[in-house]
Amino acid sequence: MLKPLKKAVLPVAGLGTRFLPATKATAKEMLPVVDRPLIQYAVDEARAAGIEQFCFVTGRGKTAIVEHFDVAFELERTLEARGKLLELAQLRAEQLDPGCITTVRQQVPMGLGHAIWCARSFIGDEPFAILLPDDLMQCDVSCTAQLAQAYRETGGNVVAIEQVPMERVNKYGVLDIDQDMGRLVSIKGLVEKPAIEDAPSNLTIIGRYVLMPEVIGHLAKMERGAGGEVQLTDSMAKLIGTQPFHGLRYEGRRFDCGDKLGYLEAQIAFALARPEMAAQVREFLKGYV
Ligand code: G1P
C-alpha cells in the first residue's frame, strides 16, 4: 500500500542576496506578489495537494515567516471591532491548524541537500513534498497536487520539470531521459548544474518534488557536488534504479522569484489574474510600453 502524501518541507534559510537591501532585515520568502508573501503561495499550493504538516527549514532572521502563520490575536480583534469582516475571513481561511508547522534550523549554508537533511526527523519514513518558495507557480491545478497525482500513479519519486533553452541548463538540475512518455518522463540520471556541453538534455527540475524518505540516507553522507554544496540532485540520482523516478511536465507556469526580472513578471502575471484589478493593470501598462 502506497503511503499517503501528507508532509512538505520548505527550505527557507537562503540569504536572498539577490534582493539586497530589501532582504537585509526580512526574509526573501516574505516578499509579496500583489498582496501575499511568496511563502503563502507555496503553503496554499501544498494544502491544495492535501499536505497537512509543514516543516520550514529556517535560518537566522527568518522569524517573520513563522509569525506570518500564527494567529494574530490583536489584529483579529481589531478587524472585528472595525467591522472588517471580509479581511478577517480571508485571514482565517489561510490559517493553518494548530501544530501543523515545525521549524528546524539549518545552521550552516551547505546547500539544498543539507537543508532537506536537516528535516530528517520530521520526514521519518514517509514520502514528502519539497517546495522551493522562490519558484512561484501559476497553475489551474496546484503544481504539488499534480505531483501528488503522479506519485499515486507511479508509486515513487516525481519531480516537476520544464524545458529551457540549452544555454540556460547550467542553472538547474538536468534530466538524463530514459523514456519520454509525454506527460511523464522516466529518468535514468540527474546532473546538477552541468556545463552546457555536458548536459544530457534541456529538461530541467523546477522547485517542486515528491520524494521517498530513502533519499535521506544518501544525503547523510554529505558528499559535496556542484558549487561545493551538498546537492539534493546528487542524492536523488542515487535512488534511480532502486525506486521509480519520473519527471512530470506539469501544467502551468513558473516564475523564478529569486530573480528580479522573474519577480517583476510574477507581479504582473498575478495582478492580471485578479479580476478586481486586471483591467486597471492592463490600462496602466499601456502607458509604459
Ligand atoms: C535548485 C536545485 C536545482 C533546481 C532549481 C529549481 O537550484 O538545486 O536542481 O533546478 O533549484 O529552481 P538553485 O536555484 O537553488 O540553485
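None of these values were measured; they are calculated from a predicted model.

A. Structural detail: the overall build of the protein chain. Within the protein chain, the regular secondary structure consists of eleven helices and 13 strands. At 19 Å, the protein chain has a C-alpha radius of gyration in line with the 19 Å of a compact globule built from 289 residues. Overall, the C-alpha framework of the protein chain stretches about 60 × 45 × 40 Å when taken along its three principal axes. Buried positions account for 48% of the 289 residues belonging to the protein chain. Sequence-distant contacts, at least 24 apart, represent 76% of the contacts inside the protein chain between residues at least 6 apart. Carbon together with sulfur atoms contributes 54% to the accessible area of the protein chain, which is approximately 14,500 Å² in total. Charge-centre separation for the protein chain: the mean point of 33 positive side chains lies 3 Å from the mean point of 37 negative side chains.

B. Summary view of the site of the ligand. The local shell around the ligand holds 14 residues, among which Asp-135, Gly-173, Glu-192, Lys-193 and Ile-205 are the closest. For the ligand, an oxygen atom lies 2.7 Å from a polar atom in the side chain of Lys-193. Relative to its free-state accessible area of 380 Å², the ligand is covered by the protein chains to the extent of 75%. For the shell around the ligand, the element with the most residues is strand E11 (residues 203–211), which contributes four residues.

C. Region of interest: the layout of surface pockets. What the second largest pocket holds in volume is close to 370 Å³. Around the second largest pocket, the lining is made up of 16 residues, and of these Gln-40, His-68, Gln-90, Leu-91 and Glu-94 lie nearest the centre. Of all elements in the fold, only strand E3 (36–37), helix H2 (63–68) and helix H4 (85–93) reach the threshold of two or more residues within the lining of the second largest pocket. No other element matches the three residues that H4 contributes to the lining of the second largest pocket. Residues belonging to the lining of the second largest pocket are distributed by class as follows: five nonpolar, four polar and seven charged.

D. The arrangement of the nonpolar core in detail. Formed by 35 residues in total, the largest nonpolar core has its most connected members in Leu-10, Ile-39, Val-43, Ile-51, Phe-54 and Phe-56. Mapped by element, the contributors of at least two residues to this core are strand E1 (7–11), helix H1 (38–47), strand E4 (53–58), strand E6 (128–131), helix H7 (143–154), strand E8 (157–163) and E11. By residue number, the principal contributor to this core is H7, which donates six residues. Non-local contacts of Ile-51, meaning those with residues more than four positions away in its chain, are made with Leu-5, Lys-6, Lys-7, Ala-8, Ala-46 and Ala-129. Core analysis: the second largest hydrophobic core is formed by 30 residues, Val-9, Phe-128, Ile-161 and Ile-240 among them.

E. Just a positive patch on the surface, in detail. A contiguous patch of positive charge on the surface is contributed by Arg-18, Arg-168, Lys-171 and Lys-260. By the secondary structure assignment, Arg-168 is in the loop between E8 and strand E9 (173–180).

F. Seen up close, the pattern of salt bridges. Across all of its chains, the model carries 19 salt bridges by this definition. Note that Asp-125 is salt-bridged to Lys-3, the shortest N-O span being 3.6 Å. Note that Asp-125 is positioned in the loop between helix H6 (120–123) and E6 and Lys-3 in the segment before E1, a separation of 122 residues in sequence. Across the salt bridge formed by Lys-238 and Glu-223, the nearest N and O atoms sit 2.8 Å from each other. Taken together, the residues span a long stretch of sequence, with Lys-238 in the loop between helix H9 (232–237) and strand E12 (245–249) and Glu-223 in the loop between helix H8 (215–219) and H9 at a distance of 15 residues. Take Glu-223: its relative accessible area is 43%, and that puts it in the partly exposed class. Three or more residues are tied together by salt bridges with common partners; here these are Asp-35, Arg-274 and Glu-276.

Thresholds, definitions, all that
- Residues numbered from 1 in each chain as written.
- Predicted model: local features only at pLDDT ≥ 70, side-chain atom pairs only at ≥ 80, totals over all residues.
- Heavy atoms only, no water.
- Helix = DSSP H or I, 4+ residues; strand = E, 2+ residues; numbered from the N terminus.
- Rg over C-alpha atoms; globule rule 2.2 N^0.38 Å.
- Buried < 20%, exposed > 50% of the residue type's maximum accessible area, 1.4 Å probe, protein only.
- Contact = heavy atoms within 4.5 Å.
- Areas by Shrake-Rupley, 256 points an atom, 1.4 Å probe, with all protein chains shown as cover.
- Lys, Arg positive; Asp, Glu negative; His and termini not counted.
- Charge placed at Lys NZ, Arg CZ, Asp CG, Glu CD.
- Near = heavy atom within 4 Å.
- Polar contact = N/O pair within 3.5 Å; in protein donor to acceptor, adjacent residues only side chain to side chain.
- 1 Å grid on protein atoms, 1.4 Å probe; cavity = no way out; pocket = protein on both sides within 12 Å on 5 of 7 lines; lining within 4 Å.
- Points joined across faces, edges and corners; volume = space filled by probe spheres on them.
- Nonpolar A, V, L, I, M, F, W, Y, C, P; charged D, E, K, R; others polar.
- Core = buried A, V, L, I, M, F, W, Y, C linked by side-chain atoms within 4.5 Å.
- Patch = residues over 30% accessible without salt bridge, like charges linked within 9 Å, V, L, I, M, F, W, Y side chains within 5 Å.
- Salt bridge = Lys/Arg side-chain N within 4 Å of Asp/Glu carboxyl O.

Any link to function would need more than the numbers given here.
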